Amino acid sequence: MALARRGHSVVLLEAFETPRPRGSGLLLQPSGLAAMRALGLKEAILARGARVERLEGRDLAGREPMRMAYSTWRPGAFGLGVHRASLFDVLFQAVQAVGIDVRTGAAITGFDALTSPTLADATGRRHGPFDLVVVADGSASSLRAKVRPRARAPIYPWGAVWANATAGPAFEGALRQRYDRSEVMAGVLPIGGGEVSFFWSLPVRSMETWAAGDFTVWRDRVLGVWPQVEQIVAQFTGPEAFSQAVYRDVSVGRWCAGAFVLIGDAAHGTSPQLGQGANLGLIDAVELAARVEHPEDLPRYQRVRRLQTAPYQLFSRALTPLFQSAGPLGPWVRNALFTPLAQAPLLDRIAATTLTGMFRLGLTPPDLRP
Ligand SMILES: Cc1cc2nc3c(=O)[nH]c(=O)nc-3n(C[C@H](O)[C@H](O)[C@H](O)COP(=O)(O)OP(=O)(O)OC[C@H]3O[C@@H](n4cnc5c(N)ncnc54)[C@H](O)[C@@H]3O)c2cc1C
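The rules behind the values
- Per-chain numbering applies: the sequence of each chain, read as written, is numbered from 1 onward.
- Where local features are concerned, this predicted model is filtered to residues with pLDDT of at least 70; where side-chain atom pairs are given and counted, the filter is 80 or more; whole-chain, interface and lining totals use all residues.
- Put simply, DSSP marks the helices as runs of H or I at least four residues long and the strands as runs of E at least two long, and each gets a number from the N terminus on.
- For a compact globule the rule gives 2.2 Å times the number of residues to the power 0.38, and the radius of gyration it is set against comes from C-alpha atoms.
- Counts of 20 or more other C-beta atoms within 10 Å of a residue's own C-beta define buried residues, counts of 12 or fewer define exposed ones, and intermediate counts define partly exposed ones; C-beta atoms are placed from the backbone.
- Our contact criterion uses C-beta atoms placed from the backbone: two residues qualify when those atoms are within 7 Å.
- Only when DSSP finds a minimum of two bridges between them are two strands counted as paired.
- A set of buried residues drawn from Ala, Val, Leu, Ile, Met, Phe, Trp, Tyr and Cys, joined through C-beta atoms within 7 Å, is what defines a nonpolar core.
- Domain ranges listed in this record stem from an automatic or a database domain assignment.
- Any residue that is not Ala, Val, Leu, Ile, Met, Phe, Trp, Tyr, Cys, Pro, Asp, Glu, Lys or Arg is counted as polar, Gly included; the first ten are nonpolar and the last four charged.
- Every axis corresponds to a line fitted to the C-alpha atoms, with the helix fit spanning only the stretch in contact, and the corresponding angles, defined between N-to-C directions, vary from 0 to 180 degrees.
- Oblique is the label for any angle not covered by the other classes, which are roughly parallel (under 35 degrees), roughly antiparallel (over 145) and roughly perpendicular (65 to 115).
- Each helix crossing is assigned a hand: it is left-handed if the near helix lies turned anticlockwise from the far helix by less than a right angle, otherwise right-handed if that turn is clockwise.
- Each residue receives a C-beta atom built from its backbone; the residue is near a molecule or strand if that atom lies within 6 Å of it.

**Here's the deal with the overall build of the protein**
The helix and strand tally for the protein stands at 14 helices and 17 strands. Relative to a compact globule of 370 residues, whose C-alpha radius of gyration would be 21 Å, the protein shows 21 Å and is just as compact. Classification of the 370 residues of the protein by burial places 42% in the buried group. Taking as baseline every contact in the protein between residues at least 6 positions apart, the subset at least 24 positions apart corresponds to 73%.

**Side note on the sheet that holds strand β16 (residues 256–257)**
With mixed pairing, three strands are arranged side by side in an open sheet as β10-β17-β16. The open sheet is flanked by β10 (133–135) and β16, the only strands paired with a single partner.

**Considering the sheet that holds strand β9 (residues 126–127)**
In spatial order, the strands read β7-β8-β9; together these three strands make up an open sheet with antiparallel pairing. The open sheet has two edge strands with one neighbour each: β7 (108–111) and β9. Sheet analysis places β7 next to strand β8 (residues 119–121), joined by three bridges and oriented antiparallel. When the bridges of β8 are listed, Ile108 appears paired with Asp121.

**Side note on the nonpolar core**
Generally speaking, a soluble globular protein has its nonpolar side chains buried in company with each other. Among the nonpolar cores identified, the biggest contains 93 residues, and Val135, Val261, Leu262 and Ile263 are the most heavily contacted of them. Element by element, the count of residues in this core is highest for helix α11 (residues 277–291), at eight residues. Residue-level mapping places this core at the junction of two domains, with at least three residues from each of domain 1 (2–59 + 69–151 + 248–368) and domain 2 (158–245). The residues touching Leu262, leaving out its near neighbours within four places in the chain, are Val135, Arg144, Val147, Val252, Trp255 and Ala267.

**Re the domain arrangement of the protein**
One frequent convention defines the size of an interface as the accessible area lost when the parts assemble. Partitioning the protein into domains gives domain 1 (2–59 + 69–151 + 248–368) and domain 2 (158–245). Here the C-alpha centre of domain 2 lies 25 Å away from the C-alpha centre of domain 1. Taken residue by residue, the interface counts 29 residues in domain 1 and 26 residues in domain 2. If you list the elements that add at least two residues to the side of domain 1 that touches domain 2, you get β2 (25–28), β3 (50–59), β5 (79–83), α12 (298–323) and α13 (329–341). When residues of the side of domain 1 that touches domain 2 are assigned to their parent elements, the largest contribution, 10 residues, is made by β3. For the side of domain 1 that touches domain 2, the class distribution of residues is 10 nonpolar, 11 polar and eight charged.

**With respect to the packing of α11 against α12**
Two elements in contact, α11 and α12, have axes separated by 10 Å at closest approach and are oriented at 165 degrees. Accordingly, the angle class assigned to the pair α11 and α12 is roughly antiparallel. Remark: the crossing between α11 and α12 carries right-handed chirality. Touching Leu280, Asp284, Glu287, Leu288 and Arg291 of α11 are Arg300, Tyr301, Val304, Arg305, Thr309 and Tyr312, all from α12. Class assignment of the residues belonging to the contact of α11 with α12 gives a composition of five nonpolar, one polar and five charged.

**Quick notes on the site of the ligand**
Around the ligand, the structure places 27 residues, and the nearest of them are Gly138, Gly264, Pro272, Gly277 and Ala278. Mapped by element, the contributors of at least two residues to the shell around the ligand are β2, β11 (158–166), α10 (265–268) and α11. Two domains each put at least three residues into the shell around the ligand: domain 1 (2–59 + 69–151 + 248–368) and domain 2 (158–245).

**Overview of unusual backbone geometry**
Comment: phi is negative for the bulk of residues other than glycine, and the bulk of peptide bonds are trans. Pro129 follows Gly128 through a cis peptide bond whose omega is 5 degrees. Here Pro129 lies in the loop between β9 and β10. Unusually for a residue other than glycine, Ser116 sits at a positive phi of about 45 degrees. By the secondary structure assignment, Ser116 is in the loop between β7 and β8. At Arg181, a residue that is not glycine, the phi angle is positive and equals roughly 50 degrees. The topology assignment puts Arg181 in the loop between β12 (173–180) and β13 (184–192).

Below, the structure is given as structure tokens:
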């Protein structure tokens, strides 16, 4: 959309037969909201989501290793919890309004050359040739290894299960999490329309066992950790209400080769522990359109974007085991490090700048500044 608005002729190739969102809810940070504003879509997404003023995470002993108010970063700032379908609708309506050629049922499987490539999809159709190919096929990207053969994207040992429910005013205004050491992490994110996303962290290797296990035993376990979510959990009749999510730690080296550039999770996917992935992807898109006229502009685009995406990947890698792991070390480090961080002046501002997605966003074009 951003490229089309700058006069480029754009073809969008999507694997799904019908355009549709996947997953449950996500948190748009001030950085992602700035990207939506740059696309002229901020008001539309605000109307569909729920304002999140703070992040709160408490363990069973009452410690609060996660406590951040968006206003610590800037008075009046907030995040926005949204249903993925809402973000998808707002973006897709805008894509349709600019008249992009959207081709669905086009799961791209390969291409013939790195410059002026023609792409092939799984049904044998050919698309192109194109001057520029923006590879935005997510963390499990099938094109990434063809563009950058040495790229790696191992799956994190822990993932999560997610489901949406309705909830009362007690869950408005904040992303709330509960921890029991690092083996239990549960969360409730308001996503607009009186709904919340509920998530529960699980080792990837236990997901199938969880799905086949006794649901009432699991429900009792949740309520033992967090009795206040009773009305939310009561709405789930079984594991089939949940989507399972795994995360990948994507390392690509250079994101570009010839006419190809990787963006979003395909380039720098990580665990959602810091709630940044969709925000970074939106900024990638806005910046790409602003900085890239020809494939020769791609290396500079990557240099500038990496200044922001690299530290977030590093933080996510380092912090994820403190919130999702087995054993006593992770939670001990988390509590020792984060409990004072949330309360000390200056340190709390640094933490807030990081969580709002604004860390190292300063070099972006002015229309991304909040
Ligand atoms: C449990 C969980 C919670 C999260 N919470 C947050 C959060 O709170 N905040 C946040 O900012 N981020 C969050 N994220 C991360 C966020 O979802 C991702 O960073 C974001 O969706 C990445 O967007 P993307 O467009 O790069 O890839 P995707 O959203 O994965 O989209 C990829 C698209 O490419 C299509 N596709 C795939 N393969 C092909 C192919 N071969 N040919 C054609 N099309 C193809 C897919 O159908 C899909 O439409 C979370 C992720 C998870 C798993």
